[in-house]
Structure formats: C-alpha cells, structure tokens
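Breakdown of the fold
Listed below are the residues making up each chain.
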Amino acid sequence: MNVSTAVPAPSSRPSPRSLRARDKLMRTAERLYAEHGFAGVSMRMIREAAGQRNNSAVQYHFSSRDELIVAILEQHAAAVERHRSRLVAVLEERGQASPREWIACVVEPGIEHHVELGTPSWYGRFLAQAVVEPGLREHARRAYTCTPSFQRLDRLHPSAGAGRDTELTERHAAMIRLLLVHMSADLETELAAGQATRDEAERAWRRLGDNLVTAVLGLSSALLPS
C-alpha cells in the first residue's frame, strides 16, 4: 500500500482580523445601502466609512457589489432560519398546523430577528431594496424560502396534498412577501427616526408581527378561489 508523504497545504482559513474586517465591511455596506440605496453607494464609500485604508479592501473580501449584497442577505437569512427551525419543530411534533399557526411560522422568525438586531437597525430597509432589484430579487427570495425549515413548513401546510394551484400559490406568496418586507422596512424607518428605546422597539415589532399574521390570514382567505 502506498502512503502519501506529501506535506499538507497550509490552512486557507481567514484570520480573526480578516473576519472582523469582512464583518465590518458588511455591516457598513448594509447601513449605507439602507440609507442611500444600492445605486447611491460606491465601494469607495463603503471602504472609507468602514475605516479601511487599503483601496482594494472591499474587493479583497468581495469580488463584486452583488457578491457583497448576497453575503449580507445570507447572513441574515441564516439567523431567520434558526428562529423558524425551532417553531417548525414544535409543529412537526404535533404533526399538524392550523392556518394561523402556519402563517405565524412564516412571519414570526423575521420579526424575532428584527427584535434581536435592536434599534437602530438597517436590515429591513436593505432587504426592501433587494427584493425589487432585478438582479437580486430572485436570490433574495431563494435565500429565505429555499431553506430546510421552509421546506419542512411547506409539508405542514393546511392544504398540502389538496391539489393546490401552483401558479396561484406563487402569486399569493409574492404578495405576502412584499407585504412582510415593506411593512418591516417602514417600521424600522419609524423606529430609527424616533430613537425608540429597546423595550419600545420590541413592543412595536411584536405588534407588527401580530398584525401581519392577521393580515396575511385574511389575505390568504380572501384570495382563495371561489
């Protein structure tokens, strides 16, 4: 038997310093994009606002603007996924979900993520731009709906296996997605402008969550084919 004596390649894992720099660039970019829009922010503005002296600092970590935006989307999507996984597990244990419970599993994970972000935050306004940007819209959708917890949740849908109209379901989902995203962005803007305390912000997010669950339940019922 031949045993390789090759020396293992050095680890390509980034250093803690590099990870900190990357994270700061992402947080800075998210804030600037939220405040000024994608078109109004250059890589240079991000680098300078993040305190990076190296002219190619952003390009070192992200090959393009879209790669930077996608990285921000995926970081938040991972946090939302953790919240949804826990909620779905409860429903799976019972083996069923009422329409309101099912919708709550769609809405509440994002609300919980907003609560943990604190105030001010910029994620809501950032996401609102991504879902209408032609080159990013589909990726933003997939980052949040093509996840293990969402697939598990779909199997618990109250009408699963009842011959759902795929085209109609997709149109409903698009309406609901825009409602959730833009109402969240609107509240985030109000909270940031009003300098709300953390407790006030948390109460406001939870009220919005309850209102959205009720609104989506009503929208879903109203859009059912007669």
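Residues numbered from 1 in each chain as written. Predicted model: local features only at pLDDT ≥ 70, side-chain atom pairs only at ≥ 80, totals over all residues. Heavy atoms only, no water.

Focus on the side chain of His113
Relative to the helices and strands, His113 is located in helix 5 (residues 99-117). Assessed through its relative accessible area of 4%, His113 is described here as buried. Beyond its immediate stretch of four places on either side in the chain, His113 contacts His76, Ala79, Val80, His83 and Tyr123. (Helix = DSSP H or I, 4+ residues; strand = E, 2+ residues; numbered from the N terminus. Buried < 20%, exposed > 50% of the residue type's maximum accessible area, 1.4 Å probe, protein only. Contact = heavy atoms within 4.5 Å.)

Remarks on the confidence of the model for the protein
Residues at a pLDDT of 70 or more form 90% of the protein, whose mean pLDDT is 89. Taking the mean pLDDT of every element in the protein, the minimum, 90, falls on helix 9 (residues 166-194) and the maximum, 97, on helix 6 (residues 123-130). In the model, residues 1-11 has pLDDT below 50 throughout and makes zero contacts with residues more than four positions away in sequence or in other chains. (pLDDT = per-residue confidence, 0-100.)

A short note on the side chain of Arg84
Position of Arg84 among the secondary structure elements: in helix 4 (residues 65-94). Although buried, Arg84 forms no salt bridge, and the nearest oppositely charged side chain, Glu81, lies 4.8 Å from it. In terms of polar contacts, Arg84 uses its side chain to reach the backbone carbonyl oxygen of Cys105, at 2.9 Å. Arg84 has contacts with Cys105, Val106, Pro109, Tyr144, Ser149, Phe150 and Leu153, leaving out every residue within four places of it along the chain. (Lys, Arg positive; Asp, Glu negative; His and termini not counted. Salt bridge = Lys/Arg side-chain N within 4 Å of Asp/Glu carboxyl O. Polar contact = N/O pair within 3.5 Å; in protein donor to acceptor, adjacent residues only side chain to side chain.)

Let's talk about the pattern of salt bridges
Across all of its chains, the model carries 12 salt bridges by this definition. Measuring nitrogen to oxygen at the nearest pair gives 3.7 Å for the salt bridge that ties Glu35 to Arg31. Placement of both Glu35 and Arg31 in helix 1 (residues 16-36) is noted, with a separation of four residues, approximately one turn of the helix. According to the relative accessible area criterion, Glu35 is partly exposed, its value standing at 41%. We classify Arg31 as partly exposed; its relative accessible area is 26%. Two residues, Glu48 and Arg47, come together in a salt bridge whose shortest N-O distance is 3.9 Å. Residue classification places Arg47 among the buried positions, given a relative accessible area of 9%. When salt bridges with common partners are traced through the structure, they connect Arg44, Arg47 and Glu48 into a single cluster.

What about helix 7 (residues 137-145)?
Of all the residues in helix 7, the buried ones are Ala140, Ala143 and Tyr144. All buried residues of helix 7 lie within an arc of 85° about the axis, which places them on one face of the element. Here the buried face of helix 7 lies against helix 4, helix 6 and helix 8 (148-155). (Arc of directions from axis to C-beta.)

Quick look at helix 4
With 30 residues, helix 4 extends 44 Å between its outermost C-alpha atoms, agreeing within 8% with the 44 Å of an ideal straight helix rising 1.5 Å per residue. Of the residues trailing helix 4, Gly95 is marked for its positive phi of about 85°. (Expected span 1.5 Å × (residues − 1).)

What to know about the nonpolar core
Ranked by internal contacts, the top residues of the largest apolar core, which has 33 residues, are Tyr33, Ile46, Leu68, Leu73, Phe126 and Tyr144. When contributions to this core are tallied by element, the ones reaching two or more residues are helix 1, helix 2 (43-49), helix 4, helix 6, helix 7 and helix 9. Here this core takes eight residues from helix 4, the largest share from any one element. When residues no more than four places from it in sequence are discounted, the contact partners of Phe126 are Glu30, Tyr33, Ala34, Phe38, Ile69, Ile72 and Leu73. With 26 residues, the next largest nonpolar core counts Val107, Trp205, Val213 and Val216 among its residues. (Core = buried A, V, L, I, M, F, W, Y, C linked by side-chain atoms within 4.5 Å.)

A look at the packing of helix 1 against helix 4
Orientation of helix 1 relative to helix 4, taken along the N-to-C sense of each, is 95°, at an axis distance of 10 Å. One element, helix 1, and the other, helix 4, form an angle in the roughly perpendicular class. Side by side, helix 1 and helix 4 meet where Arg22, Asp23, Met26, Ala29, Glu30 and Tyr33 of the first sit next to Arg65, Leu68, Ile69, Ala71, Ile72, Gln75 and His76 of the second. (Axes fitted to C-alpha atoms, helices over the stretch in contact; angles between N-to-C directions. Parallel < 35°, antiparallel > 145°, perpendicular 65-115°, else oblique.)

Brief notes about the packing of helix 5 against helix 8
Remark: helix 5 packs on helix 8, axes separated minimally by 11 Å, with the N-to-C direction vectors making an angle of 170°. Put simply, helix 5 runs roughly antiparallel to helix 8. The hand of the helix 5/helix 8 crossing is left-handed. Taking contact as the criterion, the partners of Trp102, Cys105 and Val106 in helix 5 are, on helix 8, Phe150, Leu153 and Asp154. (Left-handed = near helix turned anticlockwise from the far one by under 90°.)

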